[in-house]
Amino acid sequence: MQHLLAPYPALRLLLVVVAGIIAGTMGILPLGRWIILSVFFLALLLAAIGIEYVRRRSMPFPHAVTVFTYLLFVFSAFAADSHFRFNTVSERSLLSYAGEDVLLYGRVEGRPSRYEKGVGWTLDVREVFLRGRTEAVAGRAKIFMRVVPDDIPALQNGDMVRVKGKLQMIPEAANRGEFDPRRHARMQGIWIQLYCVGPWHLQQTGHRELSAFERYIVVPVYDYTVATVDLLIPEGGERKLVRGVLLGEREVLDPEVFEAFKITGTAHVLAVSGLNVGLLALAVHVLLQRFKTNAAGRWFSFALIAFIMLVFSHVTGNSPSVKRAAIMSVVLFGGETLGRRSYGVNSLAVSDILILLFDPFDLFNPGFLMTNGAVLAILLVYPLLYPQEHKEEGLVRAAVRFFLGSFFVSLAAIIGVSPVIAYYFGTFSLVSLAANLPVVLFSTVMMYALMPMLIFNLFSGYLASFFAMSGWLMASLTLDSALFFSRVPFASITLKPDLAEVAIYYLLVASAAWFFFRKSWGPFAITILLGLNALLWYAVLKPEGKGSGLVTVNLGRNLSLLYATGTETVIVDGGRNARDGERIMRQIAEYRLPQPVAAVQFFSKDSLIAKLAVAKHMMHGDAGLELSSMVIARPMEKVLSIRTRDRSILYVSGTSRLRHDPSWKADLVILAVYRFREKQREQIESWLDYTRPERCVFLAGSFLTEQDKAALYRFALQRPDVQIREPDRQIVIP
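Scoring rules and cut-offs
- Residues numbered from 1 in each chain as written.
- Predicted model: local features only at pLDDT ≥ 70, side-chain atom pairs only at ≥ 80, totals over all residues.
- Heavy atoms only, no water.
- Salt bridge = Lys/Arg side-chain N within 4 Å of Asp/Glu carboxyl O.
- Helix = DSSP H or I, 4+ residues; strand = E, 2+ residues; numbered from the N terminus.
- Buried < 20%, exposed > 50% of the residue type's maximum accessible area, 1.4 Å probe, protein only.
- Expected span 1.5 Å × (residues − 1).
- Bend = angle between axes of the 7 residues up to and from the residue.
- Contact = heavy atoms within 4.5 Å.
- Phe/Tyr/Trp six-rings, centres within 6.5 Å; stacked < 30°, edge-to-face > 60°.
- Lys NZ or Arg CZ within 6 Å of the ring centre and 35° of its normal.
- Pairing = 2+ DSSP bridges.
- Axes fitted to C-alpha atoms, helices over the stretch in contact; angles between N-to-C directions.

Chemist: I would appreciate a short explanation of the pattern of salt bridges in the present structure.
Modeler: Side-chain pairing between opposite charges can occur once the charged atoms of the two side chains come close. Tallying each qualifying case throughout the model produces 18 salt bridges. A salt bridge links R107 to E214; its shortest N-O distance comes to 3.6 Å. Taken as a pair, R107 in strand β1 (residues 101–114) and E214 in helix α5 (residues 212–232) lie far apart in primary sequence, 107 residues in all. What makes E214 buried here is its relative accessible area of 15%. Across the pair R208 and D159 runs a salt bridge whose closest N-O atoms are separated by 3.7 Å. Of this pair, R208 sits in strand β6 (residues 202–208) while D159 sits in strand β4 (residues 159–169), and the two are 49 residues apart along the sequence.

Here you go:
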C-alpha cells in the first residue's frame, strides 16, 4: 500500500484535510481547544524542522516524526477554521435584528437568481436603518423579493441598493431528509434572510461598486457575450440553452426542458460545469501549442490559460462548479509547465485542497462530490474498461474508436457519480448512459461552434453567423435528444441509499478495479460476490420498520398528512403541483411507512390527487372510503374522519364546523384556524373540553393577523394537549 500511494502525496494530505473539516464541523471539541492544538502541533513541527536542519547530514529529510506532526497540525488547523466559520457570529451581526422591519443598504453579491414567484440575491450589508437610526454593520443576508415576471428589476453584481422588509432566521429543512437551507447558508457565512413584498421597497442608488478587474474585463466580456447570443441565435429554447451553457443562466430554461434533463441524468450540460471549462481549456491549450517550444513560451501559455479561466469563472457567475473545474485545469497545466510527471489523481487532490482551503464547506456540496466521483472514475475505471491502443488505423476504425471511447467515458462517469446523485436526490436515471452519448456529443460540438462565433463576431458578423447556425443546430439536437429519452417509460426510478450503502458501493468498485488492474481474476470475482452480498444482506437486515401513526409533510404553505396503520398508508392532500407528490412519496420512504394505498382530497385539487400513484382515490365529491385497516368518511364539507381499530383522527377546516356530538370525538384532531378572537377562543375551548382529544394540532391560516397569531400561541401554551404546526417543523405522532 505504501508503494501504491507513493506518487500521490497530495491524496494523503487531502484525506487529513477532509478529516479535519468533518471534525471541526461536527463540533467534537470547542474552538479554543482546536486553536490550542493547532498552536501546539505548529510548535512541535517547527522544533522538528529545526532539529532536522541541524542534523540534516545524519538523517534523511523529512523524518517520519516530522511528517506525522505536520499532518496533525494540518488536521487541527482545518478543524479550528471549520469550527470558527460554522459556529461563530460577530456581536454586531444581523441576527440581533431578527424579527424587525428594517431598511438595509448594501452591495449585491453575484448574479441574482430568478424564481417562480420572485427574485433572490445575496446582499453584503453595510448599514441598517431601524426606528429612525442608522447603524453600521458587517454581514451578509439572503434577500427574496416578490415580483411578477414582467416587473423584475435589472439588478447586477456590484449594485448598491436599499431594500426594505422583515429580517428572519433562515428556515431549517421543511421535512426530514430534505435540503436544509439554514445549514447551507451557515456554510456560506449567512444567518439571516429578508423578505421584500415588492419592487416598490427596493431603491437602486445608481452606484455600482466593482473592482477594476470586474469593471474593465468581466462586465464588458459578459455584455458582449449576451449581445452576440441575442443577435445571432434565434429566440426560443435553443437560445436559452446557449445562454445556460455559456453564462450559467439555467433559470431561463423552461421547466419542462429542465425536468427532461434531470430525468435523463444529463442536467450537467445545462449549467456551466467541468465539461464546459474543460472544453475551453483544451481549445486554448491546442491553440497555444506553438508557444510551448521553450520555457518562456510555456509560462506565457500557462499564464494566459489561468487568466482565461479566471475571466470565464467570473463571467459565468463564479459558481462552485466553475471554480472547481477552473482550479483543476490550472493545476493540470501548471504541472505540465513545470515539466514534472503528472498523475491525474494527485492533480485532482491538489485541486481539492486548494478549493477546500478557500471554502472548507465545499466538501459538503453535492456538486463537489459528484465532480470528484466522475473525474476519479474516468481516471481510474475508464482505462480498465477501454484500454488505449496506439496504432495506425483507418477513418472508419477511428470513428468507431471515438464512439466506443465516448460510451466508456460516460459509463465510467455514471459508475462514479450515480451513488452521490441517488444519496442526495433520491433518483437514478435508467436511460442516463444512452442519453448522455447524444446529449454530451451535441452539446460538445455546440460549445466548439459557439467559441468561434464569439471570436469572429468581433470583426465579422457574417462569418460569425455560420458558426451561430451550427451552434443553433447542435442546441436543437441536444434539446430533442433530452426530450426524446425523458419520454421513455421508467426513464428514472426512485432510489435512496443511505451512507453505509454508498460506502459499500465505493469500496466494492475500488477493490474490484484494483484486482482487475492486477489481472487477479479469482480475487476479482470474490470481491464482486462479497460486495453484492454485503449490499443484499445490508438491505435485508436494515430495519424496515413498518411504521404507524401520523406524519405531516410540509409543502410550503400547504400540508399533506400521512396516516399509517402498520399495514397500509393513506395520503391526505397532494400539495399544489406534481413535485409535491414526489416529496410526499419520499417522506413515506424516509419514515419507512407501509406502501400507500389511498389518497384523499381535502384542500388539494382532484387532478393532483388523481396523479398520486395509489390504488384508490377519494375525491372532493366522495363521501367515504373503506380500506382493510381504516374507514375514511367526509361527514360534511371540509371535515374528514379517519377511524381505525386503535385510533381516530378528525381533520376540520375552520372553527365554525366544530360540533358537540359524540361522532365528532377523536383521539387526534387537526384544526385549521382562520380567525382567533374571543368568539373563536371560546368555541375551541368549549369543544376541546367536550371531546377531550389526546392531541390537537392547530394549523394557523395564512390570513391570521399578527395579533390573532400571538393570541393563538398564548392559548396553545396554556394547554398541554395543543400544539401549533410550524411550516419548517414536522409533526410526528407514533
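Chemist: Looking at this structure, I do not really get α5. What am I missing?
Modeler: The periodicity of an α-helix, 3.6 residues per turn, causes residues three or four positions apart to be oriented the same way. Taking 1.5 Å of rise per residue, the 21 residues of α5 would be expected to cover 30 Å, and the 30 Å separating its terminal C-alpha atoms lies within 8% of that figure. Along α5, the sharpest kink reaches roughly 30 degrees, centred on V218 and followed within four residues by the proline P220. Taken together, the buried positions of α5 are E214, V218, V219, Y222, T225, V226, T228, V229 and L232. Where the residues of α5 are buried, they touch β1, β6, α6 (237–247), α9 (295–315), α15 (432–456) and α16 (461–486).

Chemist: Before we go on, may I ask you to explain the packing of aromatic side chains in this structure?
Modeler: Given two aromatic rings, their pairing is described by the distance between the two centres and the angle made by the two planes. On inspection of all chains with the given rule, the structure shows 20 aromatic pairs. Between Y505 and Y506, the aromatic rings sit 5.4 Å apart at their centres with planes inclined by 75 degrees, giving edge-to-face as the arrangement. The partly exposed category is assigned to Y506, whose relative accessible area is 29%. Consider the rings of F603 and Y651, whose centres lie 6.2 Å apart with planes at 80 degrees: the pair is edge-to-face. On the criterion of sequence distance, the pair formed by F603 in the loop between β12 (596–600) and α20 (606–611) and Y651 in strand β17 (residues 648–653) is long-range, its members being 48 residues apart. One aromatic cluster in this structure is built from F456, F459 and F467. Between the NZ or CZ atom of R183 and the centre of the ring of F364, over which it lies, the distance is 5.8 Å. The ring of F602 has K638 lying over it, and the distance from NZ or CZ to the ring centre is 5.8 Å.

Chemist: Explain the environment of F456 here, please?
Modeler: Inspection of the secondary structure puts F456 in helix α15. Separated by 11 residues in sequence, F456 and F467 have C-alpha atoms that sit 8.9 Å apart. Beyond its immediate chain neighbours, meaning those up to four positions away, F456 contacts G461, L463, A464 and F467.

Chemist: Where do I start with the sheet that holds strand β13 (residues 616–618) in this structure?
Modeler: Strand pairing in a sheet relies on backbone hydrogen bonds. The paired strands run either parallel or antiparallel. Spatially, β13-β12-β11-β10-β9-β21 is the arrangement adopted by the 6 strands of the open sheet, whose pairing is mixed. Sheet topology places β13 and β21 (732–733) at the edges, where each strand pairs with a single neighbour. Contacts from helix α19 (residues 578–590) reach β9 (548–555), β10 (558–565), β11 (569–572) and β12, with the element oriented near 145 degrees to β9.

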